[in-house]
Amino acid sequence: MSFDPQLLKTYFAVMLGGAFGTALRYGLSNWFATHYGETFPVGTIVVNVTGCFVIGLFAALTGPDGIYLASPLTRKVVMIGVLGGYTTFSSFSLQTLNLWNGGEWLRAGWNVLLSVLLCLIAVWLGQLAASFINQR
């Protein structure tokens, strides 16, 4: 296995972007929880919606047909790192929209259905497993 310094640079840059996005998400979610309470996840919705808006805007502005030139590293740092740390819902939404726009409506629909259903089941199973562990 050979050492690739460029790959290592990419990993670290994406990780730093992820740390920034995570801190931003935490701060924004806390601000909304402090100001609006925690009975409804307003902060999470705001984070997910703004993350989706930003990934759509950035992907289109810096893509092959976009008006701004961004290096592949910059696109990875922003879209995978920052926005991945901020919200993974943005990646899911962009991928679903790309399937839809590419005429893959059935795949887009399956992506939505399977993602929501399987993730809800996974959360439920995780909580179920934790309840068994907690009883020990």
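Remember, it's a predicted structure, so these values are computed and weren't measured experimentally.

Let us look at the nonpolar core. Side chains that are nonpolar tend, in soluble globular proteins, to be buried together. Membership of the largest hydrophobic core is limited to eight residues, which are Val 47, Ile 55, Phe 58, Ala 59, Met 79, Leu 83, Tyr 86 and Leu 94. When contributions to this core are tallied by element, the ones reaching two or more residues are helix H2 (42–62) and helix H3 (72–86). Among the elements that take part in this core, H2 stands out by supplying four residues, more than any other.

This part covers the side chain of Thr 62. Considering the arrangement of structural elements, one finds Thr 62 in helix H2. A distance of 2.6 Å separates polar atoms of two side chains, one belonging to Thr 62 and the other to Arg 75. Other than its neighbours up to four places away in sequence, Thr 62 contacts Tyr 68, Ala 70 and Arg 75.

All right, on to the environment of Ala 60 then. Relative to the assigned elements, Ala 60 resides in helix H2. In contact with Ala 60, not counting residues within four places along its chain, are Asp 65 and Gly 66.

What follows is about a nonpolar patch on the surface. A cluster of nonpolar side chains, contributed by Leu 106, Trp 110, Leu 113, Leu 114, Leu 117, Leu 118, Ile 121, Trp 124, Leu 125, Leu 128 and Phe 132, occupies part of the molecular surface with about 1,100 Å² of accessible area. Here Leu 113 lies in helix H5 (residues 105–134). Overall, the relative accessible area of 47% leaves Leu 113 in the partly exposed class.

Parameters at a glance
Residues numbered from 1 in each chain as written. Predicted model: local features only at pLDDT ≥ 70, side-chain atom pairs only at ≥ 80, totals over all residues. Heavy atoms only, no water. Core = buried A, V, L, I, M, F, W, Y, C linked by side-chain atoms within 4.5 Å. Buried < 20%, exposed > 50% of the residue type's maximum accessible area, 1.4 Å probe, protein only. Helix = DSSP H or I, 4+ residues; strand = E, 2+ residues; numbered from the N terminus. Polar contact = N/O pair within 3.5 Å; in protein donor to acceptor, adjacent residues only side chain to side chain. Contact = heavy atoms within 4.5 Å. Patch = residues over 30% accessible without salt bridge, like charges linked within 9 Å, V, L, I, M, F, W, Y side chains within 5 Å. Areas by Shrake-Rupley, 256 points an atom, 1.4 Å probe, with all protein chains shown as cover. Salt bridge = Lys/Arg side-chain N within 4 Å of Asp/Glu carboxyl O.

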